[in-house]
Amino acid sequence: MKRVLIIGVITLLSAGMAFAQGVPLTAKYFNKTEAGYAFGIGKFQNHIVDGIRTHTNNDQTIFSLQTVNGFMFNNRIGLGAGFGIEFWEKGMFYPLFGQLSYYLKPAPTTFYANASLGYGFGSRDETTYYASGTGGSMFNIGIGFAKEISPRFRFHFEVCYHNQAIQSAYNVYIHDTLRSQVDYKIALSFIGFRVGIHFK
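An account of the accompanying structure is given in this report. Because the structure is a prediction, the values reported are computed rather than measured. (Residues numbered from 1 in each chain as written. Predicted model: local features only at pLDDT ≥ 70, side-chain atom pairs only at ≥ 80, totals over all residues. Heavy atoms only, no water.)

## A few points about the nonpolar core
Put simply, the rule is: Here the nonpolar core consists of buried residues drawn from Ala, Val, Leu, Ile, Met, Phe, Trp, Tyr and Cys, with membership extended through side-chain atoms lying within 4.5 Å. Residue burial is assigned from relative accessible area. The probe radius is 1.4 Å, only protein chains are included, and a residue is buried under 20% of its type maximum, exposed over 50%, and partly exposed in between. Every helix listed is a DSSP run of H or I at least four residues long, and every strand listed is a run of E at least two residues long, numbered separately from the N terminus. Any two residues having at least one pair of non-hydrogen atoms within 4.5 Å are treated as being in contact.
Counting 14 residues, the largest nonpolar core has Trp88, Ile166, Ile186, Leu188 and Phe190 as the members making the most contacts within it. Those elements that provide at least two residues to this core are strand S2 (43–49), strand S9 (153–174) and strand S10 (177–199). Per element, the largest residue contribution to this core is four residues, and it comes from S10. Beyond its immediate chain neighbours, meaning those up to four positions away, leucine 188 contacts Phe44, Asn58, Trp88, Arg124, His162, Asn163, Gln164 and Ile166.

Rendered as structure tokens:
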């Protein structure tokens, strides 16, 4: 999925550069504050039992709050830095990230896309199915709809894909006996949505 993020960022940058050619550059401060919900998808690698790698469903859910501050160029290209808090079903993370956004048109109602890249600090709790883990790199890509509700405020609704890397460990069992424990890094995937207010 990192390739998806790279392609998304390149697409957004290309669109922005194409738009910016021959257009006088203007910059304006913005703040975007959002609340979101996401649920885990897919599986991740887990313990090795008698030489066979087991896999566990990603059953985590996330409720998140985040804010992004930055500058909007020509009312279409947003570049900002953000931080947030994620309440996992079994854990808590604090993401710090940079975000690039592109709005389809400088109009009261428009569609947009964005990509975020950063680091999620925090930890996932241990359960009977997997070991505890600490944070790592994260990225997020989303597409959404923005509607102006006043000259200074926009309402945002966004559907997004979220990826959080976790440093964890797996056990190696032979005939039900724990033989060793090995550190490794896994990436957990989520699909979700966000709603928020954009102050400009």
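Picking up after the structure, the text goes on.
## Looking at empty space enclosed by the protein
Empty space left among the atoms is revealed by rolling a probe the size of a water molecule over them. Worth spelling out the cut-off: Cavities and pockets were defined on a 1 Å grid built from protein atoms only: a cavity is a group of points that admits a 1.4 Å probe but offers it no way out, a pocket is an open group of points flanked by protein on both sides within 12 Å along at least five of seven lines, and a lining residue is one with an atom within 4 Å of any such point. Grid points are joined across faces, edges and corners, and a volume is the space filled by probe spheres set on the points. Residues are grouped as follows: Ala, Val, Leu, Ile, Met, Phe, Trp, Tyr, Cys and Pro are nonpolar; Asp, Glu, Lys and Arg are charged; every other residue, Gly included, is polar.
Under the counting rule described, the total for this entry stands at one cavity of 30 Å³ or more. Counted as a void, the largest cavity has a volume near 90 Å³. Lining of the largest cavity is provided by Gly36, Tyr37, Ala38, Ile62, Ser64, Glu86, Asn140, Cys160, His162, Gly192, Phe193 and Arg194. A class-by-class count of the residues in the lining of the largest cavity yields five nonpolar, five polar and two charged.

## Some points on the packing of aromatic side chains
Rules: Each Phe, Tyr or Trp ring, with Trp reduced to its six-membered ring, pairs with another whose centre is within 6.5 Å; inter-plane angles below 30 degrees give stacked pairs, above 60 give edge-to-face pairs, and intermediate values give tilted ones. In this scheme, Lys NZ or Arg CZ marks a charge over a ring once it lies within 6 Å of the ring centre and within 35 degrees of the ring normal.
All told, the structure shown has 13 aromatic pairs when counted by the stated rule. Here phenylalanine 153 and phenylalanine 199 contribute two aromatic rings whose centre-to-centre distance is 5.4 Å and whose plane-to-plane angle is 55°, an arrangement assigned as tilted. Of this pair, phenylalanine 153 sits in strand S9 while phenylalanine 199 sits in strand S10, placing them 46 residues apart in sequence. Overall, the relative accessible area of 28% leaves phenylalanine 199 in the partly exposed class. Positioned above the aromatic ring of tyrosine 170 is the side chain of arginine 53, whose terminal nitrogen or guanidinium carbon lies 4.2 Å from the ring centre. Between arginine 154 and the ring centre of tyrosine 103, over which it is positioned, the NZ or CZ distance is 4.9 Å.

## A word on unusual backbone geometry
Although it is not a glycine, asparagine 75 adopts a positive phi angle of roughly 60°. Looking at where asparagine 75 falls in the secondary structure, it is placed in the loop between strand S4 (61–73) and strand S5 (77–88). At aspartate 176, a position not held by glycine, the phi torsion is positive, near 65°. Tracing the backbone shows aspartate 176 in the loop between S9 and S10. Its relative accessible area of 75% is what places aspartate 176 among the exposed residues.

## Considering the environment of isoleucine 77
Inspection of the secondary structure assignment puts isoleucine 77 in strand S5. Of the residues examined, isoleucine 77 reaches a relative accessible area of 17% and is grouped as buried. Between the C-alpha atoms of isoleucine 77 and lysine 105, which are 28 residues apart in sequence, the distance is 9.9 Å.

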